[in-house]
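Remarks on the overall topology
What follows is the residue order along each chain.
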Amino acid sequence: MPSDSGDKEKKEKEKDIRGTLPVLLMRFLDRLTERFSSVKDEKRNRFILILLTAFFLTFLIIPSQQFIPPGYKAGDIATSDIRATQDYLLEDLPLTEKKRAEAEAAAPFVYNYNANAPLEITRRFEKALSLIREARSGMATVDREALPEAASTVLGVTLTDAELRALNRVKSDRALLTDIGRLAGRLYEKKIVADSKAFAADLSHGILVVNPETKQEIAAGDYQSHIDEADARNSLAGARLVLGGEPRDLEAIKGVLARMVKANLTFDRDATDRKQREARGAVRPVLFKLKRGEMVVRVGERITEEQTLKLEKMFAARHGINSLFVGAGVFGLVLILFYFPYRFARKNIRKFNPSNKDLLLVCLLTLGTFLILKISFVVSSAMGGPFPYIDTAAYYYLFPFAVGSILVRIILNSEVALVHAAICAPLFGIMFNNSLPVVIYALLGGIVGAHGVRQCTVRGTIFTAGMKLSVVNLAMAISFQIFSDRLFTMETVYCALFALIGGLVNAVIVTGTIPVIETLFHYTTDIKLLEMANLNSPLLRELMVRAPGTYHHSVLVGNLVEAAAEAINANPLLARVAAYYHDVGKISKPLYFIENVSGGDNRHDRLSPSMSALILTSHVKEGVELAREHRLGLPIIDIIRQSHGTALITFFYQKARDLAVAEGKLVDERGFRYPGPKPQTREAGLVLLADCVEAASRTLTDPTPARIQGMVQKIINSIFIDGQLDECELTLKNLHEIAKSFNRILAGIYHHRIDYPEPAYKEKWSGGRKPLEHSDNEPAKTPADHDEKPKKSGGEDLRRLGILR
C-alpha cells in the first residue's frame with residue numbers, strides 16, 4: 001500500500017510539472033515580449049534583437065562543410081554533390097611526398113677523408129717511444145706498472161709484453177719513425193675504407209667527400225682505387241721495417257703498425273642525414289588548382305583516393321583564419337540585408353510599422369525557418385546514400401521556404417511579409433551553397449504564399465494557398481529543368497512531384513504553428529477572431545446568462561460595427577468580435593446597468609453620483625481583466641479599454657453638480673469620465689460610435705427612419721465635438737459612411753409591422769372561439785397610443801446613459 005500511494009504521488013507531481021512547463025514558457029515569453037516592447041529602450045532593444053538574430057543566423061547560414069567536414073574515406077559512397085565553393089590551390093601530398101622521397105634518395109652519401117692518417121700514425125709511435133724513453137730514464141710521469149696501459153692508449157691498440165719490449169729495445173727512434181712514415185705513406189696511397197663492397201655501392205649512388213675538421217667539400221678525386229682495412233693489413237705482410245732496431249723487434253713493431261691501420265675514408269651518418277633533410281626540404285609542395293564550382297564528387301559515386309585527398313585539403317583550407325573571415329563576412333551581409341530593407345520600408349511603406357513585439361516574433365520565425373531548412377538540408381544530403389538516383393538538389397523543392405512569409409502575413413500584414421521574403425530569400429541562397437535558383441524559388445514562393453492567405457478567416461484558406469503555391473512551385477521546377485537542359489530526364493519527374501508536395505508541406509506547418517503563436521505571443525489572427533465570434537463561447541454564454549440586456553446590446557453593436565467597417569474598408573471581423581466583448585466587464589455587477597434591469601428599484605438611487613460613476617467606469621477595467629484571463633488577445637483588450645474613450649458620464653455628472661451647487665461646492669469633471677484612452681484605431685472608434693448609437697436608439701419613442709437618422713447624426717456629432725475620435729484614423733468621409741450604415745441597420749431593426757385585427761397576447765375568453773395562442777400579432781395601436789407621452793424624454797435618457805451633456 002505505501003508503495004502504491006508513493007507511485008500515485010509521484011505521478012501527480014509529474015502531471016503538475018507537465019502542466020506547469022507550458023505556463024512557465026508562456027510567462028517567459030510574456031516577460032521577454034514586455035521587455036522588448038518597452039518604449040523607453042525601444043531603439044536599443046531593436047538593435048540588440050537584430051544583432052542577436054544576425055549572430056545566430058550566421059551559424060545557420062554558413063554551409064555545414066565550412067566547419068564540419070564530412071568524414072569521407074576512400075571507398076565510401078558520396079551522399080551529396082560536393083563542389084568547390086571557391087578557387088583552391090591544394091597541395092598534392094602523395095606527389096609531393098614522392099618528389100621529396102626521390103630528392104632524399106638522390107642526396108649523396110657524405111664521407112670524411114682524413115689525408116693526414118699516415119702522419120697521425122707516425123706521431124703516435126713518436127709519442128709512445130718518447131713515453132718509453134722517459135720511463136726508462138726515470139723521468140716519466142707514469143710508473144713502470146702503468147706504462148703498458150699508457151703506451152697502449154697512445155697507440156690506440158693494446159700492446160703485448162713482447163711488443164712493449166720491442167719498442168723498448170729500439171736503437172734509433174728517428175730512423176724507426178722515418179721507416180714507419182715511409183711504410184704508412186705507401187699504405188695510404190690508396191683510400192682505405194671500412195667495407196669495400198658498401199663503399200662501391202655508395203660510390204655508384206654518389207658520394208660527397210668532406211674534410212672532417214673543416215667540414216669543407218674536398219675536390220673530386222680518384223676514389224675508384226680503394227682498399228678496405230683487411231686488404232691494407234694484408235699488404236703489410238710483404239713489407240719490412242729495416243731501420244732503428246733488430247729485425248725481430250722490427251717485425252713485432254710492424255704487427256703493431258698493422259693493427260693501427262684504420263680507414264681514412266669513413267661514412268658520416270649524421271652529415272648524410274643532414275644532407276637528405278636539406279634535399280627533402282628543398283623540394284617545394286606540388287600544388288594543383290581546384291576551380292570554383294568544379295565538381296569534386298557526385299552523389300552516389302564511390303570516392304577515390306584522389307577525391308579523398310581533394311576533400312580533405314578543401315575542408316582543411318577552410319579552417320582557421322579563413323573560417324573566421326567567412327563567418328565575419330556572412331554576419332556583415334546579414335546585418336546589411338536586415339538594416340537597409342527595413343530602413344527603406346519604414347520610410348516608404350505606410351503600413352510597415354512593426355512594434356518591438358512584432359520584430360521579436362519575426363526574428364524568432366526567421367530563426368525557426370532557417371533551423372528547419374538547415375535540418376532539412378542535412379537530411380537531404382544524407383539521402384544520397386539510400387537514393388543515389390535522386391539528385392540532392394531535387395529535394396529542395398520539398399523544403400518549406402514560404403512558411404515564414406505566410407505566418408507573417410497571417411499574423412501581421414502583407415507589407416511586413418513582403419520585406420521578410422525579400423530579406424530571407426538571398427540568405428537562403430547563401431545557405432544552399434550560393435544557389436540562385438533557391439533565391440528565386442524562396443522569394444516567389446514567399447510572395448505567392450503570403451498573397452494566398454490575404455483573407456484568411458478559416459483554416460481551409462491556408463490549404464488553398466498551399467495548393468496555389470504548389471502550382472507555382474511546379475512551374476518554377478519545370479522552368480529550372482528547361483533552363484538546365486534536363487527537361488526530358490527522370491529528375492524532372494522527381495522535381496515536379498516534390499514541388500507539388502512542397503506547397504502542402506508549407507500549409508501543414510503553418511496550420512500547426514499558428515495556434516502556438518496565438519497562445520504564446522497573444523496574437524489575434526482572423527482565424528482566432530472567427531473562433532471568438534462564436535456566441536457559444538464560455539465568456540459570451542456567461543454574459544448572456546448574467547447580463548442578458550448587455551449581451552443583446554453587444555450583439556446589436558456587433559451588427560452595426562460590422563456593416564460600418566465594411567463601408568470604410570476596416571476590419572469587419574475584428575470590429576464585430578470586439579463589439580461582442582466590449583462590455584463583458586458588466587458581468588460582475590450587471591444590475592447596476594440599466595439594460596439588465598427589467599423593473600424594480602434603481603440601485604443607483606441609494607448611491608452618490610461619484611460612486612455610481614465609479615461603478616460604471618469600473619466595468620472597463622474588469623472587462624480588460626476578463627479578456628486577459630480568457631486570452632482574447634491584445635487587439636480585443638485594447639478596444640475594450642478604448643470602447644468608451646474618455647467620455648463624460650453626463651447624467652451622474654449633472655446630478656453631482658446639482659448637489660454641489662446646493663452645498664456650495666465644485667465638482668471635478670475628471671471623476672466622471674471614463675479612464676480611456678481614446679480610440680486609437682478605426683475599429684475601436686467604430687465600437688465607441690456604435691455603442692452610443694445603439695444605446696440611444698432605445699430611447700426613441702417612435703423610431704422612424706427620420707428620427708433614427710437625426711439621432712445617429714446627433715450622437716456622432718456629439719462624440720466628434722467631444723474629441724473622442726481625435727486619435728484614430730476616421731475621416732469625415734468615414735463618419736458619413738458610418739452614419740449611413742448605422743441608419744440602414746437601425747431602420748431594419750426598428751421597422752414597422754402592419755396592425756393585426758387580433759392581439760398577440762393571451763386573454764381570458766368568456767365563450768366562443770379562443771384566439772390563436774402564441775401568436776406574434778400585436779393589437780392595433782389607436783391614435784391615442786401614438787400621442788401618449790413617455791414617462792421620460794429621449795434627451796433625459798441620453799443624459800442618463802452618459803451620451804449627452
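Please refer to the structure placed before this passage.
All of the points below concern the structure found in this document. Predicted, not measured: the structure shown is a model, and the values here were computed from it.

1. Let's talk about unusual backbone geometry
Cis rather than trans, the peptide bond between G676 and P677 has omega equal to 5 degrees. With respect to the helices and strands, the residue P677 is situated in the loop between α26 (650-663) and α27 (682-697). The backbone of H522 sits at a positive phi, close to 60 degrees, despite the residue not being glycine. With respect to the element layout, H522 can be found in the loop between α19 (490-521) and α20 (526-532). Under the relative-accessibility criterion, H522 is labelled partly exposed at 22%. Of note, the phi angle at N569 is positive, near 60 degrees, even though the residue is not glycine. Looking at the secondary structure, you find N569 in the loop between α22 (548-567) and α23 (572-581).

2. A short note on the pairing of strand β5 (residues 207-210)
Across the two faces of β5 the burial is the same, with I207 and V209 and L208 and V210 all buried. The sheet contact formed by strand β3 (residues 109-113) and β5 spans 4 bridges and is parallel. Looking across to β5, one finds that Y111 is bridged to V209.

3. Description of the packing of helix α21 (residues 538-546) against α22
At a minimum axis separation of 5 Å, α21 and α22 run at an interaxial angle of 125 degrees. Taken together, the axes of α21 and α22 lie oblique to each other. Here L540, L543, M544, V545 and R546 of α21 come into contact with α22, specifically with P548, T550, Y551 and S554. Across the contact of α21 with α22, the residue classes tally to 6 nonpolar, 2 polar and 1 charged.

4. Comments concerning a positive patch on the surface
Judged by side-chain charge, K43, R343, R346 and K347 come together as a positively charged surface patch. For the positive patch, the leading source of residues is helix α13 (residues 321-348), giving 3 residues. For R346, the position within the fold is in helix α13.

5. A word on empty space enclosed by the protein
Over the atoms, a rolling probe the size of a water molecule traces out where space has been left empty. Under the definition given, this model contains 3 cavities of 30 Å³ or more. Put simply, the largest cavity is a space of about 280 Å³. Around the largest cavity, the lining comprises 17 residues; the ones closest to its centre are F338, Y342, L359, V362 and I423. Those elements giving two or more residues to the lining of the largest cavity turn out to be α2 (42-61), α13, α14 (356-382) and α16 (414-431).

6. Side note on the side chain of R46
As for its position among the elements, R46 is in helix α2. Residue R46 is classed as buried on the basis of its relative accessible area of 10%. With near-sequence residues (within four places) excluded, R46 lies in contact with Y342, R346, P354, S355, N356 and L359.

7. Describing the sheet that holds β5
Whenever strands of a sheet pair, they do so through backbone hydrogen bonds, lying parallel or antiparallel. Across the sheet, which stays open at both edges, the 3 strands sit in the order β5-β3-β7 with mixed pairing between neighbours. Edge strands, defined here as strands with exactly one partner in the open sheet, are β5 and β7 (265-267). Taken over all neighbouring pairs, the strand axes of this sheet differ in orientation by 35 degrees on average, direction set aside. Where helix α11 (residues 269-281) meets the sheet, it contacts β3, β5 and β7, and its direction lies at approximately 145 degrees from that of β3.

8. Things to note about the pattern of salt bridges
Taken as a whole, this structure holds 16 salt bridges when the rule is applied. Residue E531 is joined to R459 by a salt bridge in which the shortest nitrogen-to-oxygen separation is 3.1 Å. Placement of the pair is E531 in helix α20 and R459 in the loop between α17 (436-452) and α18 (460-483), with a sequence separation of 72 residues. Taking relative accessible area as the criterion, E531 reaches 46% and is therefore assigned partly exposed. Close ionic contact of R546 with E542 constitutes a salt bridge, the shortest N to O distance being 3.5 Å. Of this pair, R546 and E542 both sit in helix α21, separated by 4 residues, roughly a single helical turn.

9. Things to note about the packing of aromatic side chains
Describing an aromatic ring pair means giving the distance of the ring centres and the angle of the ring planes. Summed over the entire model, instances satisfying the criterion amount to 21 aromatic pairs. Geometrically, the ring pair formed by Y397 and Y441 is edge-to-face, given 5.2 Å between the ring centres and 90 degrees between the ring planes. Highlighted residues: Y397 in the loop between α14 and α15 (403-411) and Y441 in helix α17, separated in sequence by 44 residues. For the pair formed by Y397 and Y441, the shared burial category is buried. Aromatic ring contacts, followed pair by pair, group F370, F377, Y396, Y397, F399, F401, F428, F432 and Y441 into a single cluster. Between R603 and the ring centre of Y592, over which it is positioned, the NZ or CZ distance is 5.6 Å.

What counts and how
- Residues numbered from 1 in each chain as written.
- Predicted model: local features only at pLDDT ≥ 70, side-chain atom pairs only at ≥ 80, totals over all residues.
- Heavy atoms only, no water.
- Helix = DSSP H or I, 4+ residues; strand = E, 2+ residues; numbered from the N terminus.
- Buried < 20%, exposed > 50% of the residue type's maximum accessible area, 1.4 Å probe, protein only.
- Pairing = 2+ DSSP bridges.
- Axes fitted to C-alpha atoms, helices over the stretch in contact; angles between N-to-C directions.
- Parallel < 35°, antiparallel > 145°, perpendicular 65-115°, else oblique.
- Contact = heavy atoms within 4.5 Å.
- Nonpolar A, V, L, I, M, F, W, Y, C, P; charged D, E, K, R; others polar.
- Patch = residues over 30% accessible without salt bridge, like charges linked within 9 Å, V, L, I, M, F, W, Y side chains within 5 Å.
- Areas by Shrake-Rupley, 256 points an atom, 1.4 Å probe, with all protein chains shown as cover.
- Salt bridge = Lys/Arg side-chain N within 4 Å of Asp/Glu carboxyl O.
- Lys, Arg positive; Asp, Glu negative; His and termini not counted.
- Charge placed at Lys NZ, Arg CZ, Asp CG, Glu CD.
- 1 Å grid on protein atoms, 1.4 Å probe; cavity = no way out; pocket = protein on both sides within 12 Å on 5 of 7 lines; lining within 4 Å.
- Points joined across faces, edges and corners; volume = space filled by probe spheres on them.
- Phe/Tyr/Trp six-rings, centres within 6.5 Å; stacked < 30°, edge-to-face > 60°.
- Lys NZ or Arg CZ within 6 Å of the ring centre and 35° of its normal.

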